[in-house]
Amino acid sequence: MTTKPTPRVRVPAKAAAGELIEIKTLISHEMESGQRKDAQGKTIPRKIINKFSASFNGKPVFSADWHPAISANPYQSFFFKATESGEFTFVWKDDDGSEYSSKNKLTVG
Amino acid sequence: MPSQIAGLTRRSTLTAGALAAFASLLAPRLAFADEKTVMAEIKKLYGDKPMAEGKIKLDVPEIAENGLVVPVNVEVESPMTEADYVKAVHIYADGNPQPGIVSYSFTPACGKASAATRMRLAQTQNIVCVAEMSNGALHMAKANVKVTIGGCGG
């Protein structure tokens, strides 16, 4: 049932200088809330992605601390003001210590 | 009207309801957050600082048919410059087992203090949003979401 979480990110490849772009991200993950019980009545332990962060050319842009109330296969969108070309790094941190990441290039001009 | 919805007959629904009512007499009630716990969470972060209204556009559906996936979109009015930007936005729910939903941190590089995600809601409840500006000012907004089918699973 558990598959390796795969991030999917949508960033426009090109933007004009000063343009406001929307970045949409999605990652496959069950986001087990720690509230559910299995068929034997035992609580299923919590396992969620607790932090998402985005940086551009190494500088932090945006981050989100997710609580168990975030839906499975968490979606996150936010904005970025394009000023120069570079590369985004998106990182998702799992409760079990794993990290999933994605890198996306943006060309400005 | 067919009485069968997704494998649930009227009888099984009634039995389940009766069992649940009985079980609730025996077991301690599942603890849910309430308005007080949400306020306590906010107090932990910001103490008793006054909260202003306005500036926040909290976009949630009035009625959510499926509590498992409820879109939540927040936008805070701000020029997003080095001198004046939105530092953080926290979203809480007062009827979930735990009050926290998400905490965002923005930087001037965002250009616009807006973010969207999807949340789980256990029942009809209020969504509370607090925004912290770079000068320390706090803003608050509230919205009610009616949930048809709760999203916490049993």
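Residues numbered from 1 in each chain as written. Chains lettered and ligands numbered in written order. Predicted model: local features only at pLDDT ≥ 70, side-chain atom pairs only at ≥ 80, totals over all residues. Heavy atoms only, no water.

Chain B is annotated in an unreviewed UniProt entry as Sulfur oxidation protein SoxY from Bosea vaviloviae.

Looking at an unreviewed UniProt entry, chain A carries the name Sulfur oxidation protein, with the source organism given as Bosea vaviloviae.

Caption draft 1: Focus on the nonpolar core. Ranked by size, the top nonpolar core spans 57 residues in total, and within it F62(A), L106(A), V89(B), I91(B), Y104(B) and F106(B) carry the most contacts. The residues contacting L106(A), other than those within four sequence positions of it, are V11(A), P12(A), A13(A), K14(A), A15(A), I21(A), F56(A), F80(A), A82(A), S85(A), G86(A) and F88(A). Counting 9 residues, the second largest nonpolar core, distinct from the first, contains I42(B), A88(B), V130(B) and M140(B). (Core = buried A, V, L, I, M, F, W, Y, C linked by side-chain atoms within 4.5 Å. Buried < 20%, exposed > 50% of the residue type's maximum accessible area, 1.4 Å probe, protein only. Contact = heavy atoms within 4.5 Å.)

Caption draft 2: How the structure looks around the interface of chain B and chain A. Listed per partner, the contact involves 27 residues of chain B and 28 residues of chain A. With both sides pooled, the region where chain B packs onto chain A buries about 2300 Å², and carbon together with sulfur makes up 50% of that total. Of all residues in chain B, the largest losses of buried area upon contact with chain A belong to C110(B), R118(B) and R120(B), amounting jointly to 25% of the total for that side. Where chain B touches chain A, the interface holds 0 salt bridges. Run the count over chain B and chain A and you get 18 residue pairs in polar contact (both at pLDDT 80 or more). Taken together, the elements giving at least two residues each to the side of chain B that touches chain A come down to strand 5 (100-106) and strand 6 (113-119) of chain B. If one sorts the elements of the side of chain B that touches chain A by residue count, strand 5 of chain B sits on top with 7 residues. Residues of the side of chain B that touches chain A, tallied by class, amount to 14 nonpolar, 10 polar and 3 charged. (Buried area = accessible area lost by both parts, 1.4 Å probe. Salt bridge = Lys/Arg side-chain N within 4 Å of Asp/Glu carboxyl O. Polar contact = N/O pair within 3.5 Å; in protein donor to acceptor, adjacent residues only side chain to side chain. Helix = DSSP H or I, 4+ residues; strand = E, 2+ residues; numbered from the N terminus. Nonpolar A, V, L, I, M, F, W, Y, C, P; charged D, E, K, R; others polar.)

Caption draft 3: Region of interest: the layout of surface pockets. For the largest pocket, the calculated volume is near 270 Å³. Lining of the largest pocket is provided by 13 residues; of these, K59(A), V61(A), F80(A), T83(A) and A109(B) occupy positions nearest its centre. Only strand 5 (59-66) and strand 6 (75-81) of chain A provide two or more residues apiece to the lining of the largest pocket. Among the elements that take part in the lining of the largest pocket, strand 5 of chain A stands out by supplying 3 residues, more than any other. Classifying every residue of the lining of the largest pocket gives 6 nonpolar, 3 polar and 4 charged. (1 Å grid on protein atoms, 1.4 Å probe; cavity = no way out; pocket = protein on both sides within 12 Å on 5 of 7 lines; lining within 4 Å. Points joined across faces, edges and corners; volume = space filled by probe spheres on them.)

Caption draft 4: Structural detail: the UniProt feature "domain: Sulphur oxidation protein SoxZ" (unreviewed entry) in chain A. Listed under "domain: Sulphur oxidation protein SoxZ" (unreviewed entry) in the UniProt record, and renumbered for this structure, are residues 10-103 of chain A. Between the end C-alpha atoms of residues 10-103 of chain A there is a gap of 11 Å, over a span that is 0% helix and 51% strand. (UniProt positions renumbered as here; feature names shortened; annotations may be inferred.)

Caption draft 5: Representation of the packing of aromatic side chains within the structure. In this structure the tally under the stated criterion is 14 aromatic pairs over all chains. Considering the side-chain rings of Y104(B) and F106(B), the 6.0 Å spacing of their centres and the 55° angle between planes classify their relative orientation as tilted. Grouping residues by exposure puts Y104(B) and F106(B) together as buried. Here a set of aromatic residues connected by ring pairs shows up, and it is made of F52(A), F56(A), F62(A), W66(A), F78(A), F80(A), F88(A), F90(A), W92(A), Y104(B) and F106(B). The ring of F79(A) has K112(B) sitting right over it, with the charged end atom 4.2 Å from the ring centre. R118(B) extends its terminal NZ or CZ atom over the ring of Y75(A), reaching a point 4.4 Å from the ring centre. (Phe/Tyr/Trp six-rings, centres within 6.5 Å; stacked < 30°, edge-to-face > 60°. Lys NZ or Arg CZ within 6 Å of the ring centre and 35° of its normal.)

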